[in-house]
Amino acid sequence: MLHPTPLSENDLSARASAMAGARLNDIASATGQPLPKDLLRHKGAIGELIEMYLGATAGARPEPDFPEIGVELKTLPINLSGKPAESTYICSITLSSLVGSSWSTSLVYRKLKRVLWVPFEADRNIALSERRVGTPFFWSPSDSDIGYLQRDWEEHMELLSTGNFSLLSAHQGKYLQVRPKAANGKALAPSINYHGNPSRNLPRGFYLRSTFTAKILESAFE
């Protein structure tokens, strides 16, 4: 079942805190949603499950998951060593985002201004249903974080907006990287080429590096 939308950050905090220590199967039961046996074909299943449990309303719209209170929700899979297991997806890069956008109005900035992180166990030796949710926590980027993120974003956008997709690499960016976001090489999305004309390319998205989210995690629990 769909839980009510939280009316304040305190409301969301109380609801999120109640998840700490719960198994994913418990969360699924509370929402009435089936939990897949694995994540191979259901990569976003845990995020969607927790969105439903917490009452997120944005869905696929280009805004924070809780637009009423300006909070984005990000799940954070944690490996056996207590570190983030992978990079964190922020948002897709659309054709409209390549034209006349700025850092302060970008979806990346709006989503990262205030984030509720929900860590959970990602050890493959633990059945998905038995994996537990850690302690959720709120985070906002420091001035230093924003400086690095903005610099990364602007460097990526310069290549994207001029159609220089061949120069893009996942190795670029200190904290923020651009990576393909498609099931296969045939899934092309509207884009623009080097000459500024309509084109089609692999869909791409913005991701936070796991080294950055590890820093966030460490700061939250030090």
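Scoring rules and cut-offs
Residues numbered from 1 in each chain as written. Predicted model: local features only at pLDDT ≥ 70, side-chain atom pairs only at ≥ 80, totals over all residues. Heavy atoms only, no water. Core = buried A, V, L, I, M, F, W, Y, C linked by side-chain atoms within 4.5 Å. Buried < 20%, exposed > 50% of the residue type's maximum accessible area, 1.4 Å probe, protein only. Helix = DSSP H or I, 4+ residues; strand = E, 2+ residues; numbered from the N terminus. Contact = heavy atoms within 4.5 Å. Salt bridge = Lys/Arg side-chain N within 4 Å of Asp/Glu carboxyl O. Arc of directions from axis to C-beta.

## Observations regarding the nonpolar core
Counting residues in each nonpolar core, the largest one holds 27 residues, and the members touching the most others are I90, V108, W117, L149, L176, F206 and L208. In terms of residue count, helix α5 (residues 143-161) provides more of this core than any other element does, five residues in total. Contacts of W117, omitting those with residues within four sequence positions, involve K74, L76, T88, P136, F137, W139, L208, T213 and I216. In this structure, I27, F66, V118 and V133 belong to the second largest nonpolar core, which totals 21 residues.

## Here we look at the pattern of salt bridges
Scanning the entire structure with this criterion turns up eight salt bridges. With its nearest N and O atoms 3.9 Å apart, the salt bridge here joins R15 to D11. One end of the pair is R15 and the other is D11, both in helix α1 (residues 9-17) and four residues apart, which spans about a single turn. Residue D26 pairs with R23 through a salt bridge whose shortest N-O separation is 2.9 Å. Overlapping salt bridges bring together R23, D26 and E130 as one network.

## So, helix α2 (residues 24-31)
Within the sequence span of α2, burial applies to L24, I27, A28 and T31. Burial along α2 is one-sided: seen end-on, the buried residues are contained in an arc of 100°. In this structure, the buried residues of α2 make contact with α3 (45-54). Once α2 finishes, G32 follows within two positions and takes phi at roughly 80°, a positive value.

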